[in-house]
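# Architecture and fold: a report
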Amino acid sequence: MNGVEEQLTNCVHELARQQQLAEGLRTMLVMLNSDQPRHEIVSYIVKQACKLLNSGACVLYHIDQEQHQSLIEAQFNLIPGLQSTETLSLSSEDLWHKLLPSSESELSPSPTIIPDISNSPIAMLSQDKCATADVRAWCMMIIAHYHALLIVPLVIR
């Protein structure tokens, strides 16, 4: 294949990818505007996001700061151990405050990319005796099964 053919092939692949993204976003918006129950909507969106990101698994956690815990709201393709960890303890010194930029009072809505989980706050938390047992177990499962992590906070006011 010469240079022109290769460029054309790359352009065709890029256009197909953009069309796939646009269609995926369109179907998410249709579902979001539907009369389906909330759980079905967020489950569908998590599944579509996983496919569009070409990710091995996706999960949507709800952070309940009043109850000091995070709960799985929806998930797609999680390993069984993480599926069964539906609730994680939460404190200002724990998981989400270490993974997401935050101020004293609230977590940042900015996405966080962890390209190497084995060299991240997750690895440190897995060994931190001050972290709760459920958080340490969650961290160890993440390290054992995944290489990278994208955390995108969804802030609903």
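What comes next is a walk through the structure.

Glancing now at the pattern of salt bridges. Once their charged atoms are close, side chains differing in charge can pair, the charge on each being opposite to the other. What the rule picks out here adds up to two salt bridges. Among the ionic pairs, arginine 26 bridges to glutamate 23, the shortest N-O distance being 2.7 Å. Highlighted residues: arginine 26 and glutamate 23, both in helix α1 (residues 3-32), separated by three residues, approximately one helical turn. The partly exposed category is assigned to glutamate 23, whose relative accessible area is 39%. A salt bridge links glutamate 73 to arginine 38; the nearest nitrogen and oxygen atoms lie 2.6 Å apart. Taken as a pair, glutamate 73 in strand β2 (residues 69-76) and arginine 38 in helix α2 (residues 38-52) lie far apart in primary sequence, 35 residues in all.

What follows deals with the pairing of β2. Within a regular strand, side chains alternate between the sheet's two faces. With seven bridges joining them, strand β1 (residues 58-64) and β2 adopt antiparallel strand pairing. In the strand pairing of β2, tyrosine 61 is matched with isoleucine 72. Two elements, β2 and strand β3 (residues 87-89), share three bridges in a ladder whose sense is antiparallel. Along β3, the bridge assignment pairs glutamine 69 with serine 89.

Moving on, we come to the environment of proline 121. Assignment of secondary structure puts proline 121 in helix α5 (residues 121-127). The partly exposed category is assigned to proline 121, whose relative accessible area is 26%. When sequence neighbours within four positions are dropped, the list of residues in contact with proline 121 reads Lys98 and Leu99.

Along the polypeptide, glutamine 48 turns up in helix α2. Judged by relative accessible area, glutamine 48 falls into the buried class, the value being 13%. Setting aside chain neighbours within four positions, we find glutamine 48 in contact with Gly24, Thr27 and Met28.

Procedures and definitions
- Residues numbered from 1 in each chain as written.
- Predicted model: local features only at pLDDT ≥ 70, side-chain atom pairs only at ≥ 80, totals over all residues.
- Heavy atoms only, no water.
- Salt bridge = Lys/Arg side-chain N within 4 Å of Asp/Glu carboxyl O.
- Helix = DSSP H or I, 4+ residues; strand = E, 2+ residues; numbered from the N terminus.
- Buried < 20%, exposed > 50% of the residue type's maximum accessible area, 1.4 Å probe, protein only.
- Pairing = 2+ DSSP bridges.
- Contact = heavy atoms within 4.5 Å.

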